[in-house]
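An overview of the molecular structure
Listed below, chain by chain, are the residues.
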Amino acid sequence: MTVRIAPSILSADFARLGDEIALCVDGGADWIHIDVMDGCFVPNLTYGAKVIETVRRCTTLPLDVHLMVVEPEKYFDSFVKAGADLLTIHQEAAPHLQRHLARIRELGARAGVALNPSTPVATLTDVIDDLDLLLVMTVNPGFGGQRFIPRSLHRIREARLLLDARGSRAALEVDGGVARDTIAACWRAGADTMVAGNAVFAAPDPKAEIAALRAMCHEVA
Ligand code: DX5
Ligand code: ZN
């Protein structure tokens, strides 16, 4: 298993977004993570299709779009059209989860589900076959730069067991407070895709930081 590093542009300097993305590409990032917040599902507002389209013009890397919004299905068509490769919706915001996942795949994108720290992993048991990605939130969503919740490690292990037991090849992603002091533990617990916002963009050398984060996983491989 090789690790994927997905810098979150939430912590980027938006006055220089193209340059920030170029740094990620040059630094060997695997995916670009784009956080969409609606001020309703989470207490913060960010961006939508226009920014996805802008990032799409800057890179050919897969765009990993994390929808922290109520009624996420309203945005599937426009986000895929804007260039999203993966759409991840929150379990807590989707009573008709299976229908939404099927729709995302029908549009030609990969489908993911995110779990808040208080949502049991087992709630996804019956949609494992519909998933291309399972995102275990390691903070309560809404803001960059928060502290990693240690209990998350148990949840990552549980998610890994669930995916393996079902023979799923879905990515297991972690998001929130992932940095030098937490990334190796996430990798050991079974995560393979690491979102990092603050860790990458607040680093003096974001390119080197991506490499350092990756190396910390490989050291414990
Ligand atoms: C938090 C977002 C994250 C955020 C992570 O709600 O989903 O993707 O950008 O930021 P850091 O890595 O700074 O915790
Ligand atoms: Zn995110």
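In what follows, the structure referred to is the one given above.
Residues numbered from 1 in each chain as written. Chains lettered and ligands numbered in written order. Predicted model: local features only at pLDDT ≥ 70, side-chain atom pairs only at ≥ 80, totals over all residues. Heavy atoms only, no water.

What follows deals with the coordination of the zinc ion (ligand 2). All of the protein donors around the zinc ion (ligand 2) are His 33 (NE2), Asp 35 (OD), His 66 (ND1) and Asp 175 (OD); their distances to the metal are 2.0 to 2.3 Å. Around the zinc ion (ligand 2) sit 6 donor atoms; with metal-centred angles ranging over 71 to 170°, the donor geometry is octahedral. Judged by its relative accessible area of 4%, Asp 35 falls in the buried class. (Donors = N, O, S within 2.8 Å, 3.2 Å for Na, K, Ca; no water. Tetrahedral: all angles 85-135°; square planar, octahedral: opposite > 155°, others 65-115°. Buried < 20%, exposed > 50% of the residue type's maximum accessible area, 1.4 Å probe, protein only.)

The next point concerns the pattern of salt bridges. According to the stated counting rule, one finds 13 salt bridges in the structure shown. Here Asp 132 and Arg 105 are joined by a salt bridge, their closest N and O atoms 2.9 Å apart. One end of the pair, Asp 132, is in the loop between β5 (110-115) and β6 (133-137); the other, Arg 105, is in helix α4 (residues 97-106), with 27 residues separating them in the sequence. By relative accessible area, which is 23% here, Asp 132 ends up partly exposed. A salt bridge links Asp 192 to Arg 160, with the shortest nitrogen-to-oxygen separation between them at 3.3 Å. Taken together, the positions of Asp 192 in the loop between α6 (183-189) and β8 (193-196) and Arg 160 in helix α5 (residues 152-165) put the pair 32 residues apart, joining distant regions of the chain. (Salt bridge = Lys/Arg side-chain N within 4 Å of Asp/Glu carboxyl O. Helix = DSSP H or I, 4+ residues; strand = E, 2+ residues; numbered from the N terminus.)

What follows is about the site of ligand 1. Every one of the 20 residues lining ligand 1 counts as a neighbour, but Asp 35, Gly 142, Gly 145, Asp 175 and Gly 177 are closest to it. Note that an oxygen atom of ligand 1 is positioned 3.3 Å from one of the side-chain N or O atoms of His 33. At a separation of 2.9 Å, an oxygen atom of ligand 1 approaches a polar backbone atom of Asn 198. Computed on the free molecule, ligand 1 has an accessible area of 380 Å², of which 99% lies beneath the protein chains in the complex. Broken down by element, the residue count for the shell around ligand 1 peaks at 3 residues, all from strand β2 (residues 32-37). For the shell around ligand 1, the residue count by class is 8 nonpolar, 10 polar and 2 charged. (Near = heavy atom within 4 Å. Polar contact = N/O pair within 3.5 Å; in protein donor to acceptor, adjacent residues only side chain to side chain. Areas by Shrake-Rupley, 256 points an atom, 1.4 Å probe, with all protein chains shown as cover. Nonpolar A, V, L, I, M, F, W, Y, C, P; charged D, E, K, R; others polar.)

The strand order across the open sheet built from 8 strands is β1-β8-β7-β6-β5-β4-β3-β2, with neighbouring strands paired in parallel fashion. Only two strands of the sheet have a single neighbouring strand rather than two, namely β1 (4-7) and β2. Strand-to-strand twist of the sheet, defined as the mean angle between neighbouring strand axes without regard to direction, takes the value 25°. Together, β2 and β3 (63-68) form the strand contacts of helix α2 (residues 49-58), whose direction differs from that of β3 by roughly 165°. (Pairing = 2+ DSSP bridges. Axes fitted to C-alpha atoms, helices over the stretch in contact; angles between N-to-C directions. Contact = heavy atoms within 4.5 Å.)

To continue, consider the state of the cysteines. Across all of its chains, the model carries 0 disulfides by this definition. Take Cys 24: it sits in no disulfide, and the sulfur closest to it among the cysteines is that of Cys 58, at 11 Å. (Disulfide = S-S within 2.5 Å.)

Moving on: the layout of surface pockets. A volume near 350 Å³ is recorded for the largest pocket. Around the largest pocket sit 29 residues that line it, and Gly 144, Gly 145, Gln 146, Gly 176 and Gly 177 are the ones nearest its centre. For the lining of the largest pocket, the elements supplying multiple residues, two or more each, are β2, β3, β8 and α7 (198-201). Here the residues of the lining of the largest pocket sort into 13 nonpolar, 12 polar and 4 charged. (1 Å grid on protein atoms, 1.4 Å probe; cavity = no way out; pocket = protein on both sides within 12 Å on 5 of 7 lines; lining within 4 Å. Points joined across faces, edges and corners; volume = space filled by probe spheres on them.)

Our focus in this paragraph is the side chain of Thr 119. Considering the arrangement of structural elements, one finds Thr 119 in the loop between β5 and β6. Setting aside anything within four residues of it in sequence, one finds Thr 119 in contact with Gln 91, Glu 92 and Arg 155.

All right, on to α4 then. If you check which residues of α4 are buried, you get Leu 97, His 100, Leu 101 and Ile 104. Taken down its axis, α4 places every buried residue within 100° of arc, on the same side. Exposed side chains of α4 directed beyond 90 degrees from the buried face belong to Arg 99 and Glu 106. Where the residues of α4 are buried, they touch α3 (76-82), β4 (86-90) and β5. Looking one or two residues past α4, Gly 108 carries a phi angle of roughly 95°, positive in sign. (Arc of directions from axis to C-beta.)

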